[in-house]
Amino acid sequence: MNTQKIIETKDLTKTYRRFQKKEGLRGSIQGLIKREYEEKTAVNSVSLTVSEGEFVGLIGPNGAGKTTLIKMLTGIIAPTGGSIDVLGYYPNDLKNAFKKQYAVVMGQKSQLFMELTVNDTLRLFKEIYEIPEADYRDSREYFAELFGVKDLMNVQVRTLSLGERMKMELIVALLHSPRVLFLDEPTIGLDAVASKQIRKFLKEINHDRGTTILLTSHYMEDIRTLCDRTVVINHGSKIYDGGTEELFGRYQRNKRITAVFDRPPYRREVEVPKEQVNDALHELMQYEPKDITIAEDEIGVVVERIYREGEQQNA
Amino acid sequence: MRKNINVIKELVRLRFQHLMMFRIGFFGPFFVDGSLFVVQLMVFSAVYANVERIGGWEHGQMILYIGTFSLINAINMVVYFFGVNSIPAKIKSGEMDLYLTKPVSPLLRLSLEHINPGSLPLILMSLVIIVYGAWEAELRIETGIVLSYLFWVVLMCILYYEMEIIFRSISFFLISTAKMEQLESACLELCMQLPGTVFYGVYKVVFYCILPYGIMATVPVKSLVGECTPATVLHALAVVGIFTGITCVLWRGGIRCYNSASS
């Protein structure tokens, strides 16, 4: 893997000023004369380095600062403090040479023309990114084949399913072969099958084309399947930056053992620390169970633990 | 430059394709805008039927003024009005994010994304009125005069565009700009009916310098009827230059302080 650093931030900070209105009409009148503002730190001193070809997951609860961080990395908003370097540029300078090297897909914002076909949108992007005709045709064919949407390229976007539309969003984003792909909740609202397909394609793009991918998602399945490295953000601060498996290994502490018996109590469920599984199994076997299953901690519980304990350790 | 032309061509093509997806939507505006224009003419006729001179201008010059203002307004409606008008909504919804991340001027793309061919008949009708006005005013048509008139029309279309951008760029800094847009349409309505020659004193300062709608159709008509003094030329060029500067500063400043919208 190429280890060239392409994203580097140091103490990156973004604060917003928000007006605090006191309750009721009196508060409104006071607000007209004298306003009180509070500083909201959306991203707090985040230092981050991403090397070319990496697939990095960015997780955190709602309002943690993930999207704000992505917006600063893509130049949409300017940071309040710290330093930032993406592909050798200060993103908020919004240089075209910089914008040609990355793509961003936001799960809740579409860049497709709803009333037209995907091919129509692609034509516009071909001109915007100055892609030569032959390269454009090759890329379009490659991605339509990869995503299995060849038959849908001439269909009105409005009539596509959510999963198909997300595949099209990815094709539009990848058309100019970006070096970095920022994905903000790409699987939001998708069913299990569509999410799985999207994950498969993203893995291929990262692996085959060497595209660096920074992914934010609330679905831990996305992060576990795709990202070798995970960054956890909570209340704007980075609370973990390291291997994804290591992260889950650290916080996935318990195993849930379910035993089924022929006689009462018929079914017994126990949750034990990972290291005590052998002892627990040994004890259960004495009751001659009909069946035994061992499951990991529920993902939701693990995530909650990551956010809660990560925050405490960071403090 | 070449890239921008290609992008513009593609935006126009896409817009036509988009409009042609809806047959009634495509042909409807021709009739709607045409009808609106006729209504507007009837209002003008009613206002000016019993008036011989307004601000020193005779009937023929007034017709030229109405035709010129309609022409500038029609060009605005065809080319950039609907695109520029969508800017505040895109800022508020955070949709601007998608424009900022593409390697093409967001303003260019926004301005030309919603061209409106439905208003093309307005341009033709305006030209008919201008020709009629020229005949009524017994103008001697020479190439130089026509070129000078066209130059001013183009320049005033730019000024009109800049005024629209300025009003809409305020959305970068304020939550609601509805009242500003009301002010804009009130000024336009007034200046569409009264030539700049009627303004004196503080009104002249307002409509010549602060909200320069008063010069938009007045200067091209002055050039056509031979009333364009060096002072008028210098003033008009200075206003366009200054407002170009203000537009650039405001737009760039707006982009810099854009905070997107919470997703």
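This one's a predicted model, so the numbers in the text were calculated from it and none came from an experiment.

Residue and element names in this part refer to chain A. Where burial is concerned, most of strand 8 (residues 229-234) is hidden: 6 out of the 6 residues are buried. Bridge count for strand 3 (residues 55-59) against strand 8 is 4 bridges, and the pairing is parallel. Bridging from a neighbouring strand, Ile59 pairs with Val232 of strand 8. Direction of pairing for strand 8 relative to strand 9 (residues 237-243): antiparallel, over a ladder of 6 bridges. Residue pairing in the sheet places Thr230 in a bridge with Gly242 of strand 9.

Residues and elements named next belong to chain A. In this structure, His207 sits in helix 7 (residues 192-209). On the basis of relative accessibility, which here comes to 66%, the residue His207 falls in the exposed class. The spatial distance from the C-alpha of His207 to the C-alpha of Gln20 is 48 Å, given a sequence separation of 187 residues.

Here helix 3 (residues 59-79) of chain B spans 30 Å end to end across 21 residues, near enough to the 30 Å set by a 1.5 Å rise per residue. Along helix 3 of chain B, 18 of the 21 residues are buried, which leaves the element largely enclosed by surrounding structure.

This next bit is on the packing of helix 9 (residues 143-169) of chain B against helix 13 (residues 218-225) of chain B. Residues and elements named next belong to chain B. Where helix 9 meets helix 13, the axes come as close as 8 Å, and the angle between the chain directions of the two elements is 175 degrees. Comparing the axis directions of helix 9 and helix 13 gives the class roughly antiparallel. For the pair helix 9 and helix 13, the contacting residues are Ile145, Ser148, Tyr149, Trp152, Val153 and Met156 in the first and Val219, Pro220, Val221, Ser223 and Leu224 in the second. Of the residues belonging to the contact of helix 9 with helix 13, the class tally is 9 nonpolar, 2 polar and no charged.

In many reports, interface size means the accessible area that the parts give up when they come together. Residue and element names in this part refer to chain A. Here the domain parsing of chain A yields domain 1 (5-249) and domain 2 (253-314). The gap between the C-alpha centroids of domain 1 and domain 2 is 36 Å. Each partner contributes residues to the interface: domain 1 has 14 residues there, and domain 2 has 9 residues. Summed over both partners, the interface of domain 1 with domain 2 comes to about 980 Å²; 65% of that surface belongs to carbon and sulfur atoms. Three residues, Met220, Ile239 and Phe248, lead the burial of domain 1 against domain 2; their summed loss comes to 42% of the area buried on that side. Across the domain 1-domain 2 interface, the total number found is 0 salt bridges. Elements supplying a minimum of two residues to the side of domain 1 that touches domain 2: helix 8 (220-226), strand 8, strand 9 and helix 9 (244-251). Residue classes in the side of domain 1 that touches domain 2 are distributed as 7 nonpolar, 5 polar and 2 charged.

Rules used in this analysis
- Residues numbered from 1 in each chain as written.
- Chains lettered and ligands numbered in written order.
- Predicted model: local features only at pLDDT ≥ 70, side-chain atom pairs only at ≥ 80, totals over all residues.
- Heavy atoms only, no water.
- Buried < 20%, exposed > 50% of the residue type's maximum accessible area, 1.4 Å probe, protein only.
- Helix = DSSP H or I, 4+ residues; strand = E, 2+ residues; numbered from the N terminus.
- Pairing = 2+ DSSP bridges.
- Expected span 1.5 Å × (residues − 1).
- Axes fitted to C-alpha atoms, helices over the stretch in contact; angles between N-to-C directions.
- Parallel < 35°, antiparallel > 145°, perpendicular 65-115°, else oblique.
- Contact = heavy atoms within 4.5 Å.
- Nonpolar A, V, L, I, M, F, W, Y, C, P; charged D, E, K, R; others polar.
- Domains from an automatic or database assignment.
- Buried area = accessible area lost by both parts, 1.4 Å probe.
- Salt bridge = Lys/Arg side-chain N within 4 Å of Asp/Glu carboxyl O.

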